[in-house]
Amino acid sequence: MDPVVIPILVAAIVVVFLVAATVRIVPQARRYNIERFGRYRRTLQPGLNFVMPVADRVNTKLDVREQVYSSDPKPVITEDNLVVNIDTVLYYQITDPRAAAYEVADYLQAIDQLTVTTLRNVIGSMDLEGTLTSREEINARLRTVLDDATGKWGIRVNRVEIKAIDPPNTIKEAMEKQMRAERDKRAAILHAEGERQAKILTAEGTKQKDILEAQGTQQATILRADGEAKAVELVFKSVHRNNADPKVLAYKYLETLPHLAKSENNTFWVIPGELTEAVRTVTSAFGDQSTTGPPPTARREEEPAAGAPDERGAPEIEADSTLALDAVAAADEAAKQAAVAVSDAKAEAEAAGETQRPGRA
């Protein structure tokens, strides 16, 4: 080999080595800490960088993107002396590569231990229920403490989240029983409310029904009373317009008396004072008419127009006619029935009185 080629090859190798040792290409979102003879010199930024060969070397390569760190569950004692296991998730970002490399030996371990101690301080002042329902408060307090402590390490803590809180199994069973009791309570309350509403609606419907039935009964009674009043008025006008004979009125009076004693609940019956007078009037009137002819009043009424229609247009009944004899027989029969009804009513009243006396004694 030519002796001149060997020095050239050696020089080329040295140049390549020097170039390789001088040029540093840093990827995006990366930071390289450069030391010169073991002392921090500078931090290389992303892109093409030149360093002094042999004298400068890369000490640490750091990623400045936001990173996630999940810690293992740590036992923590609450205020009510219950041990719960809590694991957290930490979101952090390196803001100062030099401080992250030289201010703390292992920033992840430091953050983990600081998180555990802060959690124990925070959870130690809360009971279990407060711990389970105050995650936002715990996260905020953790972030405040970690951000203040990691600021000098060149690390910014963006978020701290509690991933899980695991109470003991006995506490879980007690909580499940409590939740089941609360659900049963709410179900019973809802059922009772439903029954209450149903009863209220039923009562409202019954009330409306009773009101409508009462209004219907009232209107029917009013209409019935109006009809009876109009019927009585028509009868009264008809009687006065036709100038009914007193014997007819007395006969109707006697015809109504037997109905007073027909009720099964009657134990006391008052006989009107006009009964004897009515019987006497009917008996004397129809008895005298059948033997001696019409009374003087009837004769005086018949004299102006005997056998002819009167002013009302109704013919008078002859004393010896068949209608007069039938009326007399009907009146006698009515008087007999009235007397029998009266005697029966008296007997029933006396029997009812005898029956009730021992009971009252």
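Residues numbered from 1 in each chain as written. Predicted model: local features only at pLDDT ≥ 70, side-chain atom pairs only at ≥ 80, totals over all residues. Heavy atoms only, no water.

Turning next to a positive patch on the surface. Where like charges cluster on the molecular surface, the positive patch consists of Lys177, Arg180, Arg183 and Arg186. Tracing the chain through its elements places Arg183 in helix 6 (residues 169-242). Arg183 sits in the partly exposed class, given a relative accessible area of 47%. (Patch = residues over 30% accessible without salt bridge, like charges linked within 9 Å, V, L, I, M, F, W, Y side chains within 5 Å. Areas by Shrake-Rupley, 256 points an atom, 1.4 Å probe, with all protein chains shown as cover. Salt bridge = Lys/Arg side-chain N within 4 Å of Asp/Glu carboxyl O. Lys, Arg positive; Asp, Glu negative; His and termini not counted. Charge placed at Lys NZ, Arg CZ, Asp CG, Glu CD. Helix = DSSP H or I, 4+ residues; strand = E, 2+ residues; numbered from the N terminus. Buried < 20%, exposed > 50% of the residue type's maximum accessible area, 1.4 Å probe, protein only.)

On to unusual backbone geometry. Phi is positive for Ala29, close to 65°, though the residue is something other than glycine. Secondary-structure assignment places Ala29 in the loop between strand 1 (23-26) and strand 2 (30-36). Not every positive phi belongs to a glycine, and Val54 is a case in point at roughly 70°. Mapping Val54 onto the fold places it in the loop between strand 4 (47-50) and strand 5 (56-63). Taking the relative accessible area as the measure of exposure, Val54 reaches 72% and is therefore exposed.

Let us look at helix 3 (residues 107-123). The end-to-end C-alpha distance of helix 3, which contains 17 residues, comes to 24 Å, matching closely the 24 Å that a straight helix rising 1.5 Å per residue would cover. The set of residues buried in helix 3 consists of Tyr107, Ala110, Ile111, Asp112, Leu114, Thr115, Val116, Thr118, Leu119, Val122 and Ile123. (Expected span 1.5 Å × (residues − 1).)

Turning our attention to the nonpolar core. By size, the foremost hydrophobic cluster in this structure holds 28 residues, and its most contacted members are Ile86, Leu90, Leu119, Ile138 and Ile155. Those elements that place two or more of their residues in this core are strand 8 (83-94), helix 3, helix 5 (135-150) and strand 9 (155-166). Ranked by the residues each element gives to this core, the list is headed by helix 3, at 7 residues. One finds Val26, Tyr32, Ile34 and Val51 within the second-largest nonpolar core, a separate group that totals 5 residues. (Core = buried A, V, L, I, M, F, W, Y, C linked by side-chain atoms within 4.5 Å.)

Strand order in the open sheet formed by 3 strands is 3-2-5, with antiparallel pairing between adjacent strands. Both edges of this open sheet fall to strand 3 (39-44) and strand 5, since each of them pairs with a single strand only. Looking at each pair of strands side by side, their axes are set apart by 25° on average, direction ignored. Across 5 bridges, strand 2 lies against strand 3 in antiparallel orientation. (Pairing = 2+ DSSP bridges. Axes fitted to C-alpha atoms, helices over the stretch in contact; angles between N-to-C directions.)

What the rule picks out here adds up to 8 salt bridges. Across the pair Asp63 and Arg65 runs a salt bridge, and its minimum N-O distance is 2.7 Å. With a closest N to O distance of 3.7 Å, Glu193 and Arg196 form a salt bridge. Placement of the pair is Glu193 and Arg196 together in helix 6, with a separation of 3 residues, close to one helical turn. Residue Glu193 is classed as partly exposed on the basis of its relative accessible area of 38%. Within this structure, Arg30, Asp63 and Arg65 form a network of salt bridges that share partners.

A contiguous nonpolar surface patch, about 560 Å² in accessible area, is contributed by Ile6, Val10, Val14, Phe17, Leu18 and Val54. When you line up the elements, Val10 lands in helix 1 (residues 5-22).

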